[in-house]
Amino acid sequence: FSKTVDLSLLRRLFERHNALLRGLDLAVFDGETEAARGALLDFFAGPEENYPDGLIADLHRVAELGNSNGLRLLQEQAARLRLNLVPATHEGEEVHHDPKHVALRAFLDHPVIFNAASDMLALEARVSLAEFAGTAEGIEARLDDETKAAFERDARSLFEADMRGRYCRIGWYDDADEVNIVVTHGAPVTMTPIVQDDTERVISFRAAEHAVLAYSAVTGRLKVGGVAKARRGDIA
């Protein structure tokens, strides 16, 4: 990846975390290409304590969509939003776009596309969903700015009450006769000991988790997944 990726993209990714970056001087990107790629290889082969947590999180998110399935999801969301994922090519020119490179470009240049594709990945991963039956069929979901804001506010309060933090990002997607909702929220804080510079210290972090909902007006059923059993009724 580091031998072939567009260095201007990788530089922008590193610049997001420059304040906490150790073991790599970003001035290396101003020099010869091969020297820059060699410095990157040395950096990633070096001590992990040099990697800012945010950089690790970004790389994991890019890696999740940096495969053929992720490329499909990114292309579908780009088509839905009528946006171009990659620069235009000359007529007749053969295109060589590695999925990891496309994922990185989308992450940096088109976060709306990237987040939507990430949401679709979370939807596909949920195979076991609890179902709630409405009292009537044919009731269309009322999705406007007011109802969306209300749902986001109440969902944030629900996860905060469960000590999962206040972060809450919600994606809304129509799929034939279903409305799909993906709620990205925090997990409970994890504390773990690590070794750094020959000493032990304890770090804490909050991972991201996903809750998914799918409502069909035709059947009057709401499916819920990724939520603790005791909370399914509340989020429904």
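**Side note on the packing of aromatic side chains**
Applying the stated criterion across every chain yields a total of eight aromatic pairs. Aromatic pair Phe-43 and Phe-44: ring centres 5.3 Å apart, planes at 70 degrees, arrangement edge-to-face. The buried category is assigned to Phe-43, whose relative accessible area is 3%. Judged by its relative accessible area of 33%, Phe-44 is partly exposed. An aromatic cluster is present here, built from Phe-14, Phe-29, Phe-43, Phe-44 and Tyr-51 joined pairwise through their rings.

**Comments concerning a negative patch on the surface**
There is a patch of like negative charges on the surface, built from Glu-48, Glu-49, Asp-197 and Asp-198. By the secondary structure assignment, Asp-197 is in the loop between β4 (190–196) and β5 (199–205).

**What about the environment of Leu-222?**
Locating Leu-222 in the fold gives a position in strand β7 (residues 221–225). Placed 187 residues apart in sequence, Leu-222 and Ala-35 show a C-alpha to C-alpha distance of 55 Å. Leaving out residues up to four positions away in the same chain, Leu-222 has contacts with Ala-130, Glu-131, Phe-132, Leu-213, Ala-214, Tyr-215 and Ala-236.

**Examining unusual backbone geometry**
Leaving glycine out, the prevailing phi sign among residues is negative, and the prevailing peptide bond configuration is trans. Of note in this structure, Arg-82 is not a glycine but carries a positive phi near 55 degrees. Along the polypeptide, Arg-82 turns up in the loop between α4 (68–81) and α5 (99–109). In the Ramachandran plot, Met-163 falls in the positive-phi region, its phi being about 60 degrees despite a non-glycine side chain. Mapped onto the fold, Met-163 is located in the loop between α7 (145–161) and β2 (168–175).

**Focus: α5**
In terms of burial, α5 is a largely internal element, eight of the eleven residues being buried. Every buried residue of α5 is listed here: His-101, Val-102, Ala-103, Leu-104, Arg-105, Ala-106, Phe-107 and Leu-108. As for α5, its buried residues are in contact with α1 (7–15), α3 (53–65), α4 and α6 (111–125). Put simply, Asp-98 is the residue that caps the front of α5, since its side-chain oxygen is 2.7 Å from the backbone nitrogen of Lys-100.

**A closer look at the environment of Arg-105**
Tracing the chain through its elements places Arg-105 in helix α5. Judged by its relative accessible area of 18%, Arg-105 falls in the buried class. Taking C-alpha positions, Arg-105 is 30 Å from Gly-225, a pair spaced 120 residues apart along the chain.

**Examining the sheet that holds strand β3 (residues 178–186)**
Strand order in the open sheet formed by five strands is β1-β7-β6-β3-β2, and the pairing between neighbours is antiparallel. Looking at strand neighbours, the two that pair on one side only are β1 (130–133) and β2, the edges of this open sheet. Taking the axes of each pair of neighbouring strands and ignoring which way they run, one obtains an average angle of 20 degrees across the sheet. Packing of α6 onto the sheet brings it into contact with β2, β3 and β6 (208–216), and relative to β2 it is tilted by some 75 degrees.

**Focus: the pairing of β3**
Of all nine residues that make up β3, nine are buried, and the element is covered over most of its length. Side chains Glu-178, Asn-180, Val-182, Thr-184 and Gly-186 project from β3 onto one buried face, and the interleaved Val-179, Ile-181, Val-183 and His-185 project onto a second face that is buried too. Here eight bridges tie β2 to β3, and the two strands are oriented antiparallel to one another. Counted as the bridge partner of Trp-172 is Ile-181 from β3. The turn linking β2 back onto β3 is made up of two residues, and Ala-176 within it adopts a positive phi angle of 55 degrees. Where β3 meets β6, nine bridges bridge the pair, whose relative direction is antiparallel. By the bridge assignment, Val-179 is partnered in β6 with Tyr-215.

Parameters at a glance
- Residues numbered from 1 in each chain as written.
- Predicted model: local features only at pLDDT ≥ 70, side-chain atom pairs only at ≥ 80, totals over all residues.
- Heavy atoms only, no water.
- Phe/Tyr/Trp six-rings, centres within 6.5 Å; stacked < 30°, edge-to-face > 60°.
- Buried < 20%, exposed > 50% of the residue type's maximum accessible area, 1.4 Å probe, protein only.
- Patch = residues over 30% accessible without salt bridge, like charges linked within 9 Å, V, L, I, M, F, W, Y side chains within 5 Å.
- Areas by Shrake-Rupley, 256 points an atom, 1.4 Å probe, with all protein chains shown as cover.
- Salt bridge = Lys/Arg side-chain N within 4 Å of Asp/Glu carboxyl O.
- Lys, Arg positive; Asp, Glu negative; His and termini not counted.
- Charge placed at Lys NZ, Arg CZ, Asp CG, Glu CD.
- Helix = DSSP H or I, 4+ residues; strand = E, 2+ residues; numbered from the N terminus.
- Contact = heavy atoms within 4.5 Å.
- Polar contact = N/O pair within 3.5 Å; in protein donor to acceptor, adjacent residues only side chain to side chain.
- Pairing = 2+ DSSP bridges.
- Axes fitted to C-alpha atoms, helices over the stretch in contact; angles between N-to-C directions.

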